[in-house]
Amino acid sequence: MLTKRIIPCLDVKDGKVVKGINFKGLRDVGYPPELATEYELQGADEITFLDISASLEARQTMLNIVSETAGKLFVPLTVGGGIRKVQDMRDALNAGADKVSVNSAAVSNPDIISECAESFGRQCVVVAIDGKRVGDHWEVFTHGGTKSAGIDAVEWAQRAEDLGAGEILLTSMDADGVKTGYDIPFTEAVADAVSIPVIASGGCGSKEHIYDVFAQTGASAALAASIFHYNECTVGEVKEYLRDRGVNVR
Amino acid sequence: MSLKVTITDYGVGNLYSIRRSLEMCGAQVEVITDMSKLADAECIVFPGVGAFNKSMERLLPYRDMIRERISSGVPTLGICIGMQIMFEGSDEGTSPGLGIYDGRVEKLPCRMVPHMGWNQVDSDDPLMDGVTDRNFYFVHSYYGNPVDTSVTVGTTEYEGVTFPSFFRRHNAYGTQFHPEKSSVSGRRVLENFISFAEDLA
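So, a few notes on the structure that sits alongside this text. (Residues numbered from 1 in each chain as written. Chains lettered and ligands numbered in written order. Predicted model: local features only at pLDDT ≥ 70, side-chain atom pairs only at ≥ 80, totals over all residues. Heavy atoms only, no water.)

1. Focus: the packing of aromatic side chains
Stage number 1. For the coordinates displayed, the defined rule picks out 16 aromatic pairs over all chains.
Stage number 2. When the centroid spacing of 5.2 Å and the interplanar angle of 25° are considered together, the rings of A:Trp138 and A:Phe186 count as stacked. Placement of the pair is A:Trp138 in strand 7 (residues 137-142) and A:Phe186 in helix 7 (residues 184-193), with a sequence separation of 48 residues. Like A:Trp138, the residue A:Phe186 is buried in the burial classification.
Stage number 3. Here the aromatic cluster, defined as three or more aromatic residues joined through ring pairs, consists of B:Phe136, B:Phe138, B:Tyr143, B:Phe163, B:Phe166, B:Tyr173, B:Phe177, B:Phe193 and B:Phe196. (Phe/Tyr/Trp six-rings, centres within 6.5 Å; stacked < 30°, edge-to-face > 60°. Helix = DSSP H or I, 4+ residues; strand = E, 2+ residues; numbered from the N terminus. Buried < 20%, exposed > 50% of the residue type's maximum accessible area, 1.4 Å probe, protein only.)

Below you can see the structure in the form of structure tokens.
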């Protein structure tokens, strides 16, 4: 039986993990390859790096970080942030990423999804969707949640699937950063509408939140950052909690 | 002298993880794009990246030689698509496969495809010796369906469908899962494979 996945997400800027990290024995400033391998030891099913740098120089730094991590990490690695062209995706895969997530660029140019799926296989194409509730539905927002794209998030997820996405990384802008739990109705609406895996993201503040999203929606995976970075609990503790409540985890 | 493992590079996808995993198991690794070099390989790994036709493209001109080498006993491991090309053909592509295993590769009859994530492999094969956690990482939409079911040495259940996920015909192993992405359990399978290959060599 397929298990539910737990995915720690590391925001990387200029080659370093931002947001406080306080693992014992590791550097004060989080070094992505070290943190990624630490999470693998804790039982993480995958790792996601989100590049939040702006400059071109930083992009090369990021690719170097991906290469170094790929030589040490033996679970899948997803890289996202700033992917605008097919070539950006090729560079990330060549550097050692297993999957690449694309967000704003796919909204402005949906063909990038099919081009990447044809070139590299749909299993490595993750479409990241940032959604916010507007009235009785959810709209897609781009550029870090600042710009409405004027399209329905559930319909966009279905279109992304048709174009060749292998997975949807779904972030609720309403829940993100608030730590009061994943957006259950939004996650459920998208997971019901597509037949590719949906990764729930945004709002995780505790292991109970991860249980809730698996118990109440069809999400295949849960992504979380701060609960792991701040040592509030380890990946292993989350899994033990889930296992005790009948959720199938590795 | 440690065992030399030859990894075939089909020209798509990265080979970091499989290369590094095999090195950590103590093997010497060479990655080849010129498939004629398989004539001298001590041990062959067909990696798990790309689609069926693309993966066969460089191998096809040497198909007879490769079949002869594998049937003469060269230890071989195919991973994911690298396993699928060891069948006769696939619904995913038009190219013939290597035909090491009789049968074809078919689409998974499941709702959510690709089957992506960690799932259990039910197997008593010696390559699983010492593997305590039987969860392995999968990402695929097709599966190998052998004519002779005795080549199936492991199975996996997904959405109520049990499919063959682990194969062996004499010296030729194939895994639908990715040992190089399966953390400690995957490492153990690769170590066991390297020991198996060293014993044959």
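2. Concerning the pattern of salt bridges
All names here are of chain A.
Stage number 1. Within the structure shown, the criterion is met by 17 salt bridges over all chains.
Stage number 2. Among the ionic pairs, Lys-99 bridges to Glu-46, the shortest N-O distance being 3.0 Å. With Lys-99 in strand 5 (residues 99-102) and Glu-46 in the loop between helix 1 (32-42) and strand 3 (47-51), the pair connects residues that are 53 residues apart, well separated along the chain.
Stage number 3. According to the relative accessible area criterion, Lys-99 is buried, its value standing at 3%.
Stage number 4. Judged by relative accessible area, which is 1%, Glu-46 ranks as buried.
Stage number 5. In this structure, the salt-bridge partner of Lys-72 is Glu-68, at a minimum N-O distance of 3.0 Å.
Stage number 6. A single salt-bridge network, built from bridges that share partners, covers Arg-5, Glu-46, Lys-99 and Glu-167. (Salt bridge = Lys/Arg side-chain N within 4 Å of Asp/Glu carboxyl O.)

3. Section: empty space enclosed by the protein
Residues and elements named next belong to chain A.
Stage number 1. Taken as a whole, this structure holds one cavity of 30 Å³ or more when the rule is applied.
Stage number 2. Estimates place the volume of the largest cavity at around 50 Å³.
Stage number 3. Looking at the largest cavity, the residues that line it are Ile-7, Glu-46, Thr-48, Thr-78, Ser-101, Val-126, Leu-169, Ile-199 and Leu-223.
Stage number 4. Partitioned by chemical class, the residues of the lining of the largest cavity number five nonpolar, three polar and one charged. (1 Å grid on protein atoms, 1.4 Å probe; cavity = no way out; pocket = protein on both sides within 12 Å on 5 of 7 lines; lining within 4 Å. Points joined across faces, edges and corners; volume = space filled by probe spheres on them. Nonpolar A, V, L, I, M, F, W, Y, C, P; charged D, E, K, R; others polar.)

4. Some remarks on the layout of surface pockets
Stage number 1. Taken as a whole, the largest pocket encloses approximately 1,200 Å³ of empty space.
Stage number 2. If you tally residues by element for the lining of the largest pocket, the top one is helix 2 (residues 56-70) of chain A, at five residues.
Stage number 3. Counted by class, the lining of the largest pocket contains 21 nonpolar, 17 polar and 11 charged residues.
Stage number 4. For the second largest pocket, the lining is made up of 46 residues, of which A:Phe120, A:Gly121, A:Gln123, B:Val49 and B:Gly50 are closest to its centre.
Stage number 5. Looking at the lining of the second largest pocket, the elements with two or more residues in it are helix 3 (86-95) and helix 5 (111-120) of chain A together with helix 1 (16-24), helix 4 (81-84) and strand 9 (135-140) of chain B.
Stage number 6. If you tally residues by element for the lining of the second largest pocket, the top one is helix 5 of chain A, at four residues.
Stage number 7. Broken down by class, the residue content of the lining of the second largest pocket amounts to 20 nonpolar, 15 polar and 11 charged.

5. Notes on unusual backbone geometry
All names here are of chain B.
Stage number 1. Here the residue pair Val-113 and Pro-114 is connected by a cis peptide bond, since its omega of 5° sits within 30 degrees of zero.
Stage number 2. One non-glycine residue, Glu-159, lies in the positive phi region at around 50°.
Stage number 3. Tracing the sequence through the fold places Glu-159 in the loop between strand 11 (152-158) and strand 12 (161-169).
Stage number 4. Owing to a relative accessible area of 39%, Glu-159 belongs among the partly exposed residues under this scheme.
Stage number 5. Of note in the backbone geometry, His-170 takes a positive phi value of approximately 50° without being a glycine.
Stage number 6. Here His-170 is to be found in the loop between strand 12 and strand 13 (172-175).

6. Concerning the pairing of strand 6 (residues 103-107) of chain B
Both faces of the sheet carry side chains from a regular strand, because those side chains alternate between them.
Residues and elements named next belong to chain B.
Stage number 1. As defined by bridge partners, strand 5 (residues 89-90) adjoins strand 6 across two bridges and the pair is classed as parallel. Within strand 6, the residue paired with Gly-89 across the bridge is Arg-104.
Stage number 2. In this sheet, strand 10 (residues 142-146) lies alongside strand 6 in antiparallel orientation, the contact comprising five bridges. Paired with Val-105 across the strands is Gly-144, a residue of strand 10. (Pairing = 2+ DSSP bridges.)

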